[in-house]
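Residue-level structure breakdown
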Amino acid sequence: MNKTRKNAAPTKEAMVEMSIQFITDGGEWSLRKLATHCGTTTKVFYTRFDGEYGLVDAIVKFLGERKANQYKLIEQNIEAFYRYEIDFYYENSTIVQFLESKGRGANPFMLYVRDAYMKLFNGDQNKMIFSGTVMLGVQAMLAREIQVDHDLIILYLTKGLS
């Protein structure tokens, strides 16, 4: 006779997605509150993620892999890269700021998008670092609600990378 659990916890991936949504919606970060939001217990978070740090790493991995897959769909040029990064930042600014507050840095997804960056810049690490630095600066200004002339930045990036 097979027993089925009536109140099975959501899948690990679903828990990551629900956690991202909870943070994005401005929910106060605690495993207890996340567990309630996900309809499970904190024990499940500790079992599946080894606690808070494991969950944060799972969020970075989830978004990083999604970002890497989206990179494959954009036109491989500086303007498309820049516009994509700005859109990604606007769509995910709350979660990016949350990840920064958890010590994951301003671009915690770099590991996942490195190959796409290298392809875009023909393997030139200096160009990759230059463009990444410009993007971090732009995102820092946007986070402080400083107006940025995106067309001018694209021109600057294009000249600096050619």
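Everything here concerns the structure above.
This one's a predicted model, so the numbers in the text were calculated from it and none came from an experiment.

Parameters at a glance
Residues numbered from 1 in each chain as written. Predicted model: local features only at pLDDT ≥ 70, side-chain atom pairs only at ≥ 80, totals over all residues. Heavy atoms only, no water. Helix = DSSP H or I, 4+ residues; strand = E, 2+ residues; numbered from the N terminus. Buried < 20%, exposed > 50% of the residue type's maximum accessible area, 1.4 Å probe, protein only. Contact = heavy atoms within 4.5 Å. Areas by Shrake-Rupley, 256 points an atom, 1.4 Å probe, with all protein chains shown as cover. Lys, Arg positive; Asp, Glu negative; His and termini not counted. Charge placed at Lys NZ, Arg CZ, Asp CG, Glu CD. 1 Å grid on protein atoms, 1.4 Å probe; cavity = no way out; pocket = protein on both sides within 12 Å on 5 of 7 lines; lining within 4 Å. Points joined across faces, edges and corners; volume = space filled by probe spheres on them. Nonpolar A, V, L, I, M, F, W, Y, C, P; charged D, E, K, R; others polar. Polar contact = N/O pair within 3.5 Å; in protein donor to acceptor, adjacent residues only side chain to side chain. Salt bridge = Lys/Arg side-chain N within 4 Å of Asp/Glu carboxyl O. Axes fitted to C-alpha atoms, helices over the stretch in contact; angles between N-to-C directions. Parallel < 35°, antiparallel > 145°, perpendicular 65-115°, else oblique. Left-handed = near helix turned anticlockwise from the far one by under 90°.

Some thoughts on the overall build of the chain
Counting its secondary structure elements, the chain contains eight helices and zero strands. For the chain, the N- to C-terminal ordering of α and β elements is α-α-α-α-α-α-α-α. Expressed along its principal axes, the backbone C-alpha trace of the chain runs to roughly 70 × 35 × 20 Å. Residues classed as buried in the chain amount to 41% of the 162 residues present. Put simply, of all contacts in the chain between residues at least 6 apart along the chain, 63% involve residues at least 24 apart. Entry remark: accessible area of the chain is about 10000 Å², with carbon and sulfur atoms responsible for 51%. Measuring between centres, the 20 positive side-chain charges of the chain sit 10 Å from its 19 negative side-chain charges.

Notes on the layout of surface pockets
In this structure, the largest pocket encloses a volume near 230 Å³. If you go around the largest pocket, you meet 18 residues; those closest to its centre are Asn-107, Tyr-117, Gly-132, Leu-136 and Gln-139. Taken together, the elements giving at least two residues each to the lining of the largest pocket come down to helix H5 (78-101), helix H6 (110-120) and helix H7 (125-143). Broken down by element, the residue count for the lining of the largest pocket peaks at seven residues, all from H7. A breakdown of the residues in the lining of the largest pocket according to their chemical character gives 12 nonpolar, four polar and two charged. Reported here for the second largest pocket is a volume of approximately 160 Å³. The set of elements that each furnish at least two residues to the lining of the second largest pocket consists of helix H4 (52-71) and H6. Ranked by residue count, the leading element in the lining of the second largest pocket is H6, at five residues. Among the residues forming the lining of the second largest pocket, the class breakdown is five nonpolar, one polar and three charged.

Digging into empty space enclosed by the protein
By the definition in use, this model includes one cavity of 30 Å³ or more. Taken together, Tyr-71, Ile-74, Glu-75, Gln-76, Asn-77, Phe-81, Ala-116, Tyr-117 and Leu-120 form the lining of the largest cavity. Ranked by residue count, the leading element in the lining of the largest cavity is H6, at three residues.

Considerations on the side chain of Asn-92
As for its position among the elements, Asn-92 is in helix H5. Overall, Asn-92 belongs to the buried group, its relative accessible area being 10%. For Asn-92, the side chain forms a polar contact with the main-chain oxygen of Phe-88, separated by 2.9 Å. In this structure, Asn-92 is in contact with Leu-63 and Arg-66, ignoring residues within four places of it in sequence.

So, the pattern of salt bridges
Considering all chains together, one arrives at seven salt bridges under this definition. Residues Lys-61 and Glu-65 are paired through a salt bridge, measuring 3.2 Å at the closest nitrogen-oxygen approach. Of this pair, Lys-61 and Glu-65 both sit in helix H4, four residues apart, which is roughly one turn of the helix. With relative accessibility at 36%, the residue Glu-65 sits in the partly exposed group. In the salt-bridge network here, residues are joined through shared partners; they are Glu-79, Arg-83 and Asp-151.

Let's talk about the packing of H5 against helix H8 (residues 150-161)
One can describe the packing of H5 onto H8 by two numbers: an axis separation of 9 Å at closest approach and a directional angle of 135°. One finds that H5 runs oblique with respect to H8. Relative to H8, H5 is oriented so that their crossing is right-handed. Of H8, the residues touching H5 (which contributes Ile-78, Glu-79, Tyr-82, Arg-83, Ile-86 and Tyr-90) are His-150, Asp-151, Ile-153, Ile-154, Leu-157, Thr-158 and Leu-161. When the residues that make up the contact of H5 with H8 are grouped by side-chain class, the tally is eight nonpolar, two polar and three charged.

From the geometry alone we can't say anything about function, so treat these as descriptive.
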